[in-house]
Structure formats: structure tokens, C-alpha cells
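# Structural description and commentary
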Amino acid sequence: VTWRFALEEIEGSVQDTYAQEFKRRIESRSDGAITVEVYPYGSLGSSSQITEMLQSGALELAFASPGHLADAIPEVGVFTLHFVLSDDDAVNRQVLSDPELHALLQPPYRDQDLELLGVVQEGWMVWSGDRALRSPADFDGFKIRTMTSPILVESYRAYGANPTPMPYSEVYSGLQLGQIDGQVNPIFAIEEMSFYEEQDYLTSGRHAQFVTTLAGSQSWFESLDESTRAMIEEVRDELVEWIDREQQRFNAERLDTILEAGGTQWVELDEDERDVFRQASLGVRETYVEQAGERGREVLDTFLALVEKHQD
Ligand code: 6CS
């Protein structure tokens, strides 16, 4: 059998690296009974279109990032909130792969004909722009492209910005044509999508990680036998630390590439500067709960409690 696995990122990306390793392990463990076909971004459409194909069973597997998916599943917007994660990557890895959190999110995925299979961190989000973004005052009137979920729009309104949601494939031309002043993504993506070519500053406030979810078509997942499901979960668990190391390497190497090319300045916020953004972001948690309801409140409370627990 063939499993079609769609990516929201191009060849050579973090998602591609994950998918290629997933493919290797599944194909070897199934002794060739399963073939995984990987479809990089561009071949099938936008993130939202890929999710629709997954829901209808036209694909077996795909990455579905909360920044887009929260349109359909507001609860998953918890991963896009600012300043909810730890500064410690090892803590975040534990929180994001915690079974309690996955169990809470599974029902809303199933309501949408999806199966949540895993949560993957792809690195700290960095703001790129025509200016350095050291304080909410710098965001005043700043047209920032966000992913398409409503909770992200609120996150940037809270800083006084002018958020403009659009699909990933339109960001480069948006920057070139001046429709947007900046955007936000992990460094590896800013490099491979050439966004840095159109931007003078990269500002790192470590406000959030780029988090994606590995999702399956529900009808496909339900058709699998116990041992195949267990094999998927085993590979998923093995890849948690593996992909975290890979993404850290990707992001570090590609920052060097960007800075060596010249023309882009790197700005790192200090703790006082971060704290101003943290304070400005807190109200958005309430907006998240308004959008995601009681189930969303439970997801957020659990998330914050897990960060505390793993931090100790
Ligand atoms: O900004 C976006 O829309 C995309 N960014 C990354 C790093 N991956 C997929 C997502 O769609």
C-alpha cells in the first residue's frame, strides 16, 4: 500500500526532513509492505487545501500547522499563543509530546475527520521586517503577514500591529510588492523561502515556537490494524528528540547563511524587552478561550500546568 504524506514546506525543510526519516523507518519496519510518498509544498496547494484533502481521505498523512488549522479547530490555536512556552527547549519538547495534551486535542481533531498523530516543534519564531521590532511601539501600523488563523491576528493586534493573514506561497511576493512590511517564521523558513532578501532586520523575541501537528485522515487511520497503528506511534515517539536536534541545527546553520549574505541585521531582545511583549500578550489568552470555548480553556490550563511541571 501507499501512504501519501503532504507537506506545508518545500524540499529540504524541517517538515521534509521529518517526512523523509518517517518514510525510511516505516518502509523498513513494514518490510516494504508500505510505501510512503512525500509531497512537498507547491504540488498540492495551500495548508488549508491540504487539510481539506486529508479530511476527505484523498491523502493519508499531512502536516497541519495550528497557525492555519485553528481556523477549523480553534483549540489547536493554543500552540500559536505567545509566551506560553518555556525558554528551555527540553521542557518544550516534553510539553508538546505529552500524552495528556494529545488526548485533550484528539476529540476536536476527530470532529473534523482527522487523527492527531504527533506535535512537532520547528524552532523559535523570528520577526522579519523593514525595521527592528524592539517594542510594541515599533509594531504601530506595521503590516505583518500572519498565518490564516484568527487567534494569530489577535496576537499581533495586541501589539498594535496591522496583521495581514495570507497563505505561505504569497509571502515572498507580498514583501516584494510592499503589501506587507514583514512576517514571522522560524529562521530555516526565512532562509529557504528567501524572505530575508526583502528584509533589513530579523528580531528574535523568543515569543513562540513554530509548532506543527502531524495529522492523519481519520477514515484511513481507523482502517489500520493495531500493529500498524503501534508502528506509527513508535516512529512518532522516536522522532521527537531526533527532529528537535535537526531543527536546532537547521536554524543555527541558516542564520549563518543569512548573515553571511549581508544586508540583514540580527536583533535579540533582552529580558526587559521581552517582558513588555509578554505583558501585552496576556489578554490574548482570554480571546483564545472565547474562540475555543470550554474545551479550549481546559487545553490552555493543561498546557500551562505541563510547562510548570516539566520546568521543576
Ligand atoms: O508561515 C507559514 O504559513 C508556514 N511556515 C512554516 C515554517 N511552515 C508551514 C507554514 O504553513
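First, a word on scope: everything that follows refers to the structure included in this document.

Attention shifts here to the site of the ligand. The immediate surroundings of the ligand are formed by Glu 8, Glu 9, Ser 47, His 68, Arg 145, Met 147, Tyr 168, Asn 185, Pro 186, Ala 189 and Phe 210. With respect to the ligand, the side chain of Glu 9 contributes an N or O atom lying 2.7 Å from a nitrogen atom. Between the ligand and His 68, the relevant distance is 2.9 Å, taken from an oxygen atom to a side-chain nitrogen or oxygen of the residue. Computed on the free molecule, the ligand has an accessible area of 300 Å², of which 100% lies beneath the protein chains in the complex.

Okay, the pattern of salt bridges next. Considering all chains together, one arrives at 24 salt bridges under this definition. In this structure, the salt-bridge partner of Arg 249 is Glu 253, at a minimum N-O distance of 3.4 Å. Of the two residues, Arg 249 and Glu 253 are both situated in helix H10 (residues 226-261); the distance of 4 residues between them amounts to about one turn of the helix. By relative accessible area, which is 42% here, Glu 253 ends up partly exposed.

Glancing now at the packing of aromatic side chains. Evaluation of the coordinates by the stated rule reveals 18 aromatic pairs. Considering the side-chain rings of Trp 127 and Tyr 159, the 6.2 Å spacing of their centres and the 75° angle between planes classify their relative orientation as edge-to-face. With Trp 127 in strand E4 (residues 114-129) and Tyr 159 in the loop between helix H6 (150-157) and strand E6 (162-165), the pair connects residues that are 32 residues apart, well separated along the chain. Judged by centre distance (5.6 Å) and plane angle (40°), the ring pair of Phe 139 and Tyr 159 falls under tilted. Of this pair, Phe 139 sits in the loop between E4 and strand E5 (143-146) while Tyr 159 is found in the loop between H6 and E6, placing the two residues 20 residues apart along the sequence. Of the residues examined, Tyr 159 reaches a relative accessible area of 2% and is grouped as buried. Put simply, the rings of Trp 127, Phe 139, Phe 142, Tyr 156, Tyr 159 and Phe 277 touch in pairs and so form one group of aromatic residues.

In this section: the environment of Ile 144. Note on placement: Ile 144 falls in strand E5. Assessed through its relative accessible area of 0%, Ile 144 is described here as buried.

Next up on the list: the side chain of Arg 145. By the secondary structure assignment, Arg 145 is in strand E5. Lacking a salt bridge, the buried Arg 145 has Glu 170 as its closest oppositely charged neighbour, with an N-O distance of 8.2 Å. A polar contact of 2.8 Å, which involves the side chain of Arg 145, links it to the backbone oxygen of Met 166. Sequence-distant contacts of Arg 145, defined by excluding residues within four places in its chain, comprise His 68, Thr 164, Met 166, Pro 167, Tyr 168, Val 171, Ile 180, Gly 182, Gln 183, Val 184 and Asn 185.

Closest axis-to-axis distance for the helix H4 (residues 89-96)/helix H12 (residues 283-311) pair is 9 Å, and the angle between their directions is 135°. Considering their axes alone, H4 and H12 lie oblique with respect to each other. Once H4 is placed against H12, the crossing between them reads as right-handed. Only Phe 303, Leu 306, Val 307, His 310 and Gln 311 of H12 make contact with H4, whose side of the interface consists of Val 91, Gln 94, Val 95 and Leu 96. Within the contact of H4 with H12, the residues separate by chemical class into 6 nonpolar, 3 polar and no charged.

It is worth spelling out the pairing of E6 at this point. The two faces of a sheet get side chains in turn, since along a regular strand they alternate between them. The pairing of E5 with E6 spans 4 bridges and is parallel. Each bridged residue has a counterpart across the sheet, and for Arg 145 the counterpart in E6 is Thr 164.

Criteria and thresholds
Residues numbered from 1 in each chain as written. Predicted model: local features only at pLDDT ≥ 70, side-chain atom pairs only at ≥ 80, totals over all residues. Heavy atoms only, no water. Near = heavy atom within 4 Å. Polar contact = N/O pair within 3.5 Å; in protein donor to acceptor, adjacent residues only side chain to side chain. Areas by Shrake-Rupley, 256 points an atom, 1.4 Å probe, with all protein chains shown as cover. Salt bridge = Lys/Arg side-chain N within 4 Å of Asp/Glu carboxyl O. Helix = DSSP H or I, 4+ residues; strand = E, 2+ residues; numbered from the N terminus. Buried < 20%, exposed > 50% of the residue type's maximum accessible area, 1.4 Å probe, protein only. Phe/Tyr/Trp six-rings, centres within 6.5 Å; stacked < 30°, edge-to-face > 60°. Lys, Arg positive; Asp, Glu negative; His and termini not counted. Contact = heavy atoms within 4.5 Å. Axes fitted to C-alpha atoms, helices over the stretch in contact; angles between N-to-C directions. Parallel < 35°, antiparallel > 145°, perpendicular 65-115°, else oblique. Left-handed = near helix turned anticlockwise from the far one by under 90°. Nonpolar A, V, L, I, M, F, W, Y, C, P; charged D, E, K, R; others polar. Pairing = 2+ DSSP bridges.

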